[in-house]
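Observations on the model geometry
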Amino acid sequence: MRTKSDRIRQAVSFELLGLALVTPLGSWVYGFPLFDIGAISVISSLVATGWNYTFNFGFDHAMKRWRGTTAKTLPLRVLHATAFELGLLMILLPIFSWWLGLSYVESFVVQMTFAMFYLVYTFAFTWAYERVFPDPASRTEAGQPVQA
């Protein structure tokens, strides 16, 4: 399993890169001022950072209990990214609505496009992160976890 410092590095790097990508894209697509999209992106990032740590901690523990390893198959990666984004969507919907002055329906539409972006981004980032910083417990030999 990953250490606390590794989880913090993962969450912070995920959010910083995500902010650098989503802020200008969101402003361009929706026509909101860069400040408004930037502010809601930072608010979302702070909420998402806490959610990222909590969600990944729980997901890894569940995988370790159910499968004996934190190694993810392709279907588990899809489940991981989707569940993460659905939880975040529920948390952020009222915040988006309030900050951008949108109805819940309008906020939901905006959130869904952000969620679609982050769904793909989460999948790609997590896969790349795990290649650059592999979890020693996820290494396998003949389908079984390596005994340290």
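Now for a quick tour of the structure. Since this is a predicted model, take the numbers as computed values, not measurements.

**Some remarks on the overall build of the chain**
The helix and strand inventory of the chain stands at four helices and two strands. Scanning the chain from its N terminus toward the C terminus, one meets helices and strands in the order α-α-α-α-β-β. A principal-axis box enclosing the C-alpha atoms of the chain has dimensions of 55 × 25 × 20 Å. Looking at the chain as a whole, 39% of its 148 residues are labelled buried. A separation of at least 24 residues holds for 68% of the contacts in the chain among residues at least 6 apart in sequence. When the accessible area of the chain is evaluated, it comes to approximately 8,500 Å², of which 73% is carbon and sulfur surface. Charge separation in the chain, taken as the distance between the mean sites of 11 positive and 9 negative side-chain charges, equals 11 Å.

**Looking at the pattern of salt bridges**
Within the structure shown, the criterion is met by six salt bridges. For Lys 72, the salt bridge is made with Asp 60, and the minimal N-O distance between the two is 4.0 Å. With a gap of 12 residues between them, Lys 72 in the loop between helix H2 (34-67) and helix H3 (74-100) and Asp 60 in helix H2 connect regions that are remote in the sequence. The exposure classification of Lys 72 matches that of Asp 60, with both residues buried. One salt-bridge network, held together by shared partners, links Arg 7, Asp 60, Lys 72, Arg 77 and Glu 130.

**Here's the deal with H3**
Three or four residues apart is the spacing at which side chains of an α-helix point the same way, because the helix has 3.6 residues per turn. The sharpest bend along H3 reaches about 45° and sits at Leu 92, with the proline Pro 94 one to four residues further on. Immediately downstream of H3, the backbone of Gly 101 shows phi near 65°, a positive value.

**Topic: the packing of H2 against H3**
Angle between the axes and distance between the axes are the two parameters that describe a pair of packed helices. It is at 9 Å that the axes of H2 and H3 come closest, and there the two elements cross at 150°. When the axis of H2 is compared with that of H3, the two are roughly antiparallel. In this structure, H2 meets H3 at a crossing whose hand is right-handed. Here the contact of H2 with H3 is composed, by residue class, of 20 nonpolar, five polar and two charged.

**Describing the packing of aromatic side chains**
Tallied over the entire structure, the rule returns 17 aromatic pairs. Ring geometry for Trp 98 against Trp 99: centres 5.6 Å apart, planes inclined by 65°, an arrangement best described as edge-to-face. With relative accessibility at 64%, the residue Trp 98 sits in the exposed group. Taken together, the ring pairs in this structure connect Phe 14, Phe 117, Tyr 118, Tyr 121, Phe 125, Tyr 129 and Phe 133 into an aromatic cluster. Lying across the ring of Phe 133, Arg 9 places its NZ or CZ 3.7 Å from the centre.

Procedures and definitions
Residues numbered from 1 in each chain as written. Predicted model: local features only at pLDDT ≥ 70, side-chain atom pairs only at ≥ 80, totals over all residues. Heavy atoms only, no water. Helix = DSSP H or I, 4+ residues; strand = E, 2+ residues; numbered from the N terminus. Buried < 20%, exposed > 50% of the residue type's maximum accessible area, 1.4 Å probe, protein only. Contact = heavy atoms within 4.5 Å. Areas by Shrake-Rupley, 256 points an atom, 1.4 Å probe, with all protein chains shown as cover. Lys, Arg positive; Asp, Glu negative; His and termini not counted. Charge placed at Lys NZ, Arg CZ, Asp CG, Glu CD. Salt bridge = Lys/Arg side-chain N within 4 Å of Asp/Glu carboxyl O. Bend = angle between axes of the 7 residues up to and from the residue. Axes fitted to C-alpha atoms, helices over the stretch in contact; angles between N-to-C directions. Parallel < 35°, antiparallel > 145°, perpendicular 65-115°, else oblique. Left-handed = near helix turned anticlockwise from the far one by under 90°. Nonpolar A, V, L, I, M, F, W, Y, C, P; charged D, E, K, R; others polar. Phe/Tyr/Trp six-rings, centres within 6.5 Å; stacked < 30°, edge-to-face > 60°. Lys NZ or Arg CZ within 6 Å of the ring centre and 35° of its normal.

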